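Each chain, letter by letter, is given below.
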Amino acid sequence: MKASVEAQLRLLELADLDAELSRLDHRRRTLPELEEYQRIETRDTQLGDELAALEATESDLRRELGKAEADVDQVRSRVERDKTRLDAGQVSSPRELENLQSEIVSLARRQSDLEEIELGVMERQEAAERRHGELTQEQATLAGQLDEVAARRDAALGEIGEQVDKAEHLRAGVAVEVPADLLDLYGKLRAQHGVGAAVLRGGRCEGCHLSLNTVDLARIRAADPDEVLRCEECRRILVRVPESGR
Ligand SMILES: [Zn+2]
């Protein structure tokens, strides 16, 4: 393939701009804010699950407390009823009296046990409420952090986007000055190797950083300046500049 020295030099500008675009693309995909955002989001999801489980527990505790209260009430009213009967002197038989008194004693014990249970449920409820408060607080903190990271991420992406636009604009300006067949070859090589063209400097291909042997260098020296050369090692288009070396 043949192309003017000018067109070949343009390829080097194109390669620089493409390298710049690759760097920008890499930066865009590896922004620390992306990972940071994801980490916070993951914690936020965990928190949501924890809260849902806690709310289920709180609902269970409310039910448990209702039952404990009803149990206590039931025993309490039975004690009251017994005491009323006792005080009213409705019980005359000594045996019945003894039974009633012993029932009151055992009911009082039962009431104290049930009140203990009720208290235990209330303590668990308080602990759950405290935990609920902590989780809600953390959730609010995370929401603030997500906003803050998203703002930083968007600012960075915006800046990168501007640089991409600038590089693409420059690239389009350079590409129109490269003949279609050369541009096509450059594009294919770039797709294959990441870089389509490299400069020959000091007898070395700057694409693969290998020094050319004397035979290849002699062939290059003899080649017409319009001849499009390729690096024997990496197959990239090799562009000669004045300091390419003899
Ligand atoms: Zn090479």
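Figured I'd write up the structure that's included with this text. (Residues numbered from 1 in each chain as written. Predicted model: local features only at pLDDT ≥ 70, side-chain atom pairs only at ≥ 80, totals over all residues. Heavy atoms only, no water.)

## Things to note about the overall build of the protein
For the protein, the helix and strand inventory stands at five helices and four strands. What you see in the protein, going N to C, is helices and strands ordered as α-α-α-α-β-β-α-β-β. In terms of C-alpha radius of gyration, the protein reaches 42 Å, well past the compact-globule figure of 18 Å for 246 residues. For the C-alpha atoms alone, the extent of the protein along its principal axes is close to 135 × 35 × 25 Å. Taken across its 246 residues, the protein has 31% of its residues classed as buried. The contacts of the protein with a sequence gap of at least 6 include a subset with a gap of at least 24, amounting to 76%. Approximately 15400 Å² of the protein is accessible, and the part contributed by carbon and sulfur atoms is 50%. (Helix = DSSP H or I, 4+ residues; strand = E, 2+ residues; numbered from the N terminus. Rg over C-alpha atoms; globule rule 2.2 N^0.38 Å. Buried < 20%, exposed > 50% of the residue type's maximum accessible area, 1.4 Å probe, protein only. Contact = heavy atoms within 4.5 Å. Areas by Shrake-Rupley, 256 points an atom, 1.4 Å probe, with all protein chains shown as cover.)

## Observations regarding the sheet that holds strand β2 (residues 204-205)
Consider a sheet: its strands pair through backbone hydrogen bonds, and that pairing is either parallel or antiparallel. In space, the four strands of this open sheet follow the order β2-β1-β4-β3, with mixed pairing throughout. Lying at the two open borders of the sheet, with one neighbouring strand each, are β2 and β3 (229-230). Here helix α1 (residues 5-29) sits on the sheet and contacts β1 (197-201) and β4 (237-240); the angle it forms with β4, its principal contact strand, is near 115°. (Pairing = 2+ DSSP bridges. Axes fitted to C-alpha atoms, helices over the stretch in contact; angles between N-to-C directions.)

## A few points about helix α4 (residues 180-193)
Because an α-helix packs 3.6 residues into every turn, residues spaced three or four apart end up facing the same way. In this model, α4 (14 residues) spans 20 Å end to end at C-alpha, consistent with the 20 Å of a helix rising 1.5 Å per residue. For α4, the secondary structure elements touched by its buried residues are α1, α3 (94-175), β1, β3 and β4. Following α4 by one or two positions, G194 adopts a phi angle in the positive range, close to 90°. (Expected span 1.5 Å × (residues − 1).)

## Things to note about a negative patch on the surface
On the surface, D113, E116, E123, E126 and E129 cluster together into a patch of negative charge. Take D113: it is sitting in helix α3. (Patch = residues over 30% accessible without salt bridge, like charges linked within 9 Å, V, L, I, M, F, W, Y side chains within 5 Å. Salt bridge = Lys/Arg side-chain N within 4 Å of Asp/Glu carboxyl O. Lys, Arg positive; Asp, Glu negative; His and termini not counted. Charge placed at Lys NZ, Arg CZ, Asp CG, Glu CD.)

## Some details on the packing of aromatic side chains
A complete count under the given rule lists zero aromatic pairs for this structure. Across the ring face of Y37, the terminal group of R153 is positioned such that the distance to the ring centre comes to 5.0 Å. (Phe/Tyr/Trp six-rings, centres within 6.5 Å; stacked < 30°, edge-to-face > 60°. Lys NZ or Arg CZ within 6 Å of the ring centre and 35° of its normal.)

## Examining the coordination of the zinc ion
All of the protein donors around the zinc ion are C205 (SG), C208 (SG), C231 (SG) and C234 (SG); their distances to the metal are 2.2 to 2.4 Å. Each of the four donor atoms around the zinc ion contributes to a set of angles spanning 105 to 115°, which defines the coordination as tetrahedral. In the primary sequence, the donor residues of the zinc ion line up as C-x2-C-x22-C-x2-C. Separated by 29 residues along the polypeptide, C205 in strand β2 and C234 in the loop between β3 and β4 bring together distant segments of the chain. The class for C205 is buried, based on a relative accessible area of 0%. The exposure class of C234 is buried, given its relative accessible area of 12%. (Donors = N, O, S within 2.8 Å, 3.2 Å for Na, K, Ca; no water. Tetrahedral: all angles 85-135°; square planar, octahedral: opposite > 155°, others 65-115°.)

## Concerning unusual backbone geometry
Not every positive phi belongs to a glycine, and H209 is a case in point at roughly 65°. We classify H209 as partly exposed; its relative accessible area is 48%. Residue R235 is not a glycine yet carries a positive backbone phi of 70°. Its place among the elements puts R235 in the loop between β3 and β4.

## Brief notes about the nonpolar core
What tends to happen in soluble globular proteins is that the nonpolar side chains get buried as a cluster. Core analysis: the largest hydrophobic core is formed by 27 residues, its most contacted members being L11, L14, L182, Y186, A197 and I237. Taken together, the elements giving at least two residues each to this core come down to α1, α3, α4, β1 and β4. At eight residues, α1 tops the list of elements feeding residues into this core. For L11, the contacting residues outside a window of four places in its chain are V178, L182, Y186, A197 and I237. The next biggest cluster of nonpolar side chains, apart from the first, holds 12 residues, and it includes I40, L47, L61 and L135. (Core = buried A, V, L, I, M, F, W, Y, C linked by side-chain atoms within 4.5 Å.)

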